[in-house]
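One letter stands for each residue in the lines below.
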Amino acid sequence: MFDFSLITTWFDSLLRDTFGLGDFLSILIECVLVGVIILAAYAIIAIVLIFMERKVCAYFQCRLGPMRVGFWGLLQVPADVLKMLIKEIFFVDKADKLLYMIAPFLVLIGSVGAFAFLPWNKGAAVLDFNVGIFLLTAISSIGVVGVFLAGWSSNNKYSLVSAMRGAVQMISYEMSLCLCLISAVVLTGTMQLSGIVEAQGDAFGWLIFKGHIPAIIALVVFLIAGNAEANRGPFDLPEAESELTAGYHTEYSGMGFGYFYLAEYLNLFIIAGVAATVFLGGWMPLHIGVAQVDTVLDYIPGFFWFCGKTFLLVWILLWIKWTYPRLRIDQILKLEWKYLMPLALLNLVLMTVVAALGLHF
């Protein structure tokens, strides 16, 4: 398995030894470069996901999707991005302008911060703390504040209703989502994302195999809760266009709206990426215990393993969105507090018993 840390170590020695730069300049250049790479990957994946959803939606509804702008409609999303960039950004009368301007950035900061935690390859994790799971959930929760401030500051009653819906929904489903992650921590014995991936390197060592029934339950609950956390269908009530026009970001135009739109799609990718990392081995290949086969699988870069698993989960979540009708607010909260959270708590106890008694594979 290729270790990406070889490249980072080489680049660091290039700056320090070859160019003779000090610690401050070397670290500054490295941080700026990593930041640019993160933002570029963030934007590129958003474009891919928007195009992917349009095509998947069209497939399920027996339509063609984008076809006119570029070959197979490939330039439709860049055209939409260009249109959004040149649209005027205006302020609503009697809106709280400070909070109105801050809200989109808070949503984007929470999304980019969580995106930076994803381990793409061995040695290619930007942020890899020993309490990575805890920090990931903490940083991603910043988006809740942005959603609430967007509706509150817009001086629009419908946006405020949507913001309240969104805040309640996101906070509620955060409980089940975190309990599922704790179940994985109990089995692997670490909160570090790279450690969780390394713990799944044995033959059939992915958590859904190693932790069998409790891990599979945790994965299913995590995907449901994550889908609701990202305000995706059938949990897209905060953006119910049939009764709220657009939701908490109704009064935003141009890139003010674009930031919310961008964060929504990347949150979908982040949920799928975290699920792939924690339950499906992340960048770790599926070892089957046969040395020759495992050696061949190790030659496939971990980046492709991670992206393949993540986009598979994204496709499943899109399948769910375009299959089930939107839930009411009472149904959404009932599903979380009456079913998912008790199930996640019970599953956590079950996972603890499995780990304590060594009943896992």
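Residues numbered from 1 in each chain as written. Predicted model: local features only at pLDDT ≥ 70, side-chain atom pairs only at ≥ 80, totals over all residues. Heavy atoms only, no water.

Novice: Hey, could you run me through the side chain of Thr310 in this one?
Specialist: In this structure, Thr310 sits in helix 14 (residues 302-321). For Thr310, a relative accessible area of 0% corresponds to the buried category. The residues touching Thr310, leaving out its near neighbours within four places in the chain, are Phe269, Ala272, Gly273 and Ala276. (Helix = DSSP H or I, 4+ residues; strand = E, 2+ residues; numbered from the N terminus. Buried < 20%, exposed > 50% of the residue type's maximum accessible area, 1.4 Å probe, protein only. Contact = heavy atoms within 4.5 Å.)

Novice: What is the right way to look at the nonpolar core in this model?
Specialist: Note on soluble globular proteins: their nonpolar side chains tend to be buried together. If you look at the biggest cluster of nonpolar residues, it comprises 89 residues, and the most contacted ones within it are Phe115, Trp120, Phe222, Phe269, Val274, Val278 and Phe279. Broken down by element, this core gets its largest block of residues, 14 residues, from helix 12 (residues 254-279). Here Phe269 is in contact with Ile45, Leu49, Phe115, Leu118, Trp120, Thr310, Phe311 and Val314, once residues within four sequence places are set aside. (Core = buried A, V, L, I, M, F, W, Y, C linked by side-chain atoms within 4.5 Å.)

Novice: I keep staring at the packing of helix 12 against helix 14 and nothing clicks. Help me out?
Specialist: Packed helices, taken two at a time, are described by their axes: the angle between them and the distance between them. The contact between helix 12 and helix 14 brings their axes to 8 Å, and the two run at 125 degrees. In this view, helix 12 runs oblique relative to helix 14, as classed from their interaxial angle. Between helix 12 and helix 14 lies a crossing of right-handed hand. Mapping the contact onto sequence places Leu268, Phe269, Ala272, Gly273, Ala275, Ala276 and Thr277 in helix 12 and Phe306, Lys309, Thr310, Phe311, Leu313, Val314, Leu317 and Leu318 in helix 14. Looking at the contact of helix 12 with helix 14 residue by residue, the classes come out as 11 nonpolar, 3 polar and 1 charged. (Axes fitted to C-alpha atoms, helices over the stretch in contact; angles between N-to-C directions. Parallel < 35°, antiparallel > 145°, perpendicular 65-115°, else oblique. Left-handed = near helix turned anticlockwise from the far one by under 90°. Nonpolar A, V, L, I, M, F, W, Y, C, P; charged D, E, K, R; others polar.)

Novice: Is there a simple way to think about the pattern of salt bridges in this case?
Specialist: A side chain of one charge can pair with a side chain of the opposite charge when the charged atoms of the two come close. The final tally for this structure, using the stated rule, is 8 salt bridges. With a shortest N-O distance of 3.0 Å, Arg328 and Asp330 are connected by a salt bridge. A single network of salt bridges, built from pairs that share partners, joins Glu53, Arg232, Glu264 and Lys321. (Salt bridge = Lys/Arg side-chain N within 4 Å of Asp/Glu carboxyl O.)

Novice: Would you take a moment to explain unusual backbone geometry for this structure?
Specialist: In terms of backbone geometry, most residues other than glycine have negative phi values and most peptide bonds are trans. Phi angles above zero are rare outside glycine, and His212 is one such case at about 35 degrees. With respect to the element layout, His212 can be found in helix 10 (residues 212-229). The phi torsion at Asn231 lies on the positive side, around 60 degrees, for a residue other than glycine. Along the chain, Asn231 falls in the loop between helix 10 and helix 11 (241-244).

Novice: In this structure, what is going on with helix 2 (residues 23-60)? I would like to understand it.
Specialist: Structurally, the α-helix is built with 3.6 residues per turn, so residues lying three or four positions apart point the same way. The first and last C-alpha atoms of helix 2 sit 54 Å apart over 38 residues, in line with the 56 Å expected at 1.5 Å per residue. Following helix 2 by one or two positions, Cys62 has its phi on the positive side, about 60 degrees. (Expected span 1.5 Å × (residues − 1).)

Novice: I keep staring at the state of the cysteines and nothing clicks. Help me out?
Specialist: Note: disulfide means a covalent bond formed between the sulfur atoms of two cysteine side chains. Throughout the structure, instances matching the rule amount to 0 disulfides. Its sulfur unpaired, Cys62 is 11 Å from the next cysteine sulfur, which belongs to Cys57. For Cys62, a relative accessible area of 75% translates into the label exposed. (Disulfide = S-S within 2.5 Å.)

Novice: How do you make sense of the environment of Lys309 when you look at a structure like this?
Specialist: For Lys309, the location among the structural elements is in helix 14. Taking C-alpha positions, Lys309 is 8.2 Å from Ala272, a pair spaced 37 residues apart along the chain. With sequence-adjacent residues up to four places away left out, Lys309 is seen in contact with Trp206, Ala276, Leu280, Gly281, Gly282 and Met284. Among the polar contacts listed, one links the side chain of Lys309 to the backbone oxygen of Gly282, at a separation of 2.8 Å. In terms of polar contacts, Lys309 uses its side chain to reach the backbone carbonyl oxygen of Met284, at 2.7 Å. (Polar contact = N/O pair within 3.5 Å; in protein donor to acceptor, adjacent residues only side chain to side chain.)

Novice: Is there a simple way to explain helix 5 (residues 132-140) in this structure?
Specialist: Those residues of helix 5 lying buried are Gly132, Ile133, Leu136 and Thr137. Within helix 5, the buried residues cover an arc of 130 degrees as seen down the axis, which keeps them to one side. The secondary structure elements touched by the buried residues of helix 5 are helix 4 (97-115), helix 7 (157-188), helix 8 (193-198) and helix 12. (Arc of directions from axis to C-beta.)

Novice: What is the right way to look at the packing of helix 7 against helix 12 in this model?
Specialist: Here helix 7 crosses helix 12 at 25 degrees, and the two axes come no closer than 10 Å. By the angle between their directions, the pair helix 7 and helix 12 is classed as roughly parallel. For the pair helix 7 and helix 12, the sense of crossing is left-handed. Every residue of helix 12 that contacts helix 7 at Leu177, Cys180, Leu181 and Ala184 is listed here: Ile271, Val274, Val278 and Phe279. Across the contact of helix 7 with helix 12, the residue classes tally to 8 nonpolar, no polar and no charged.

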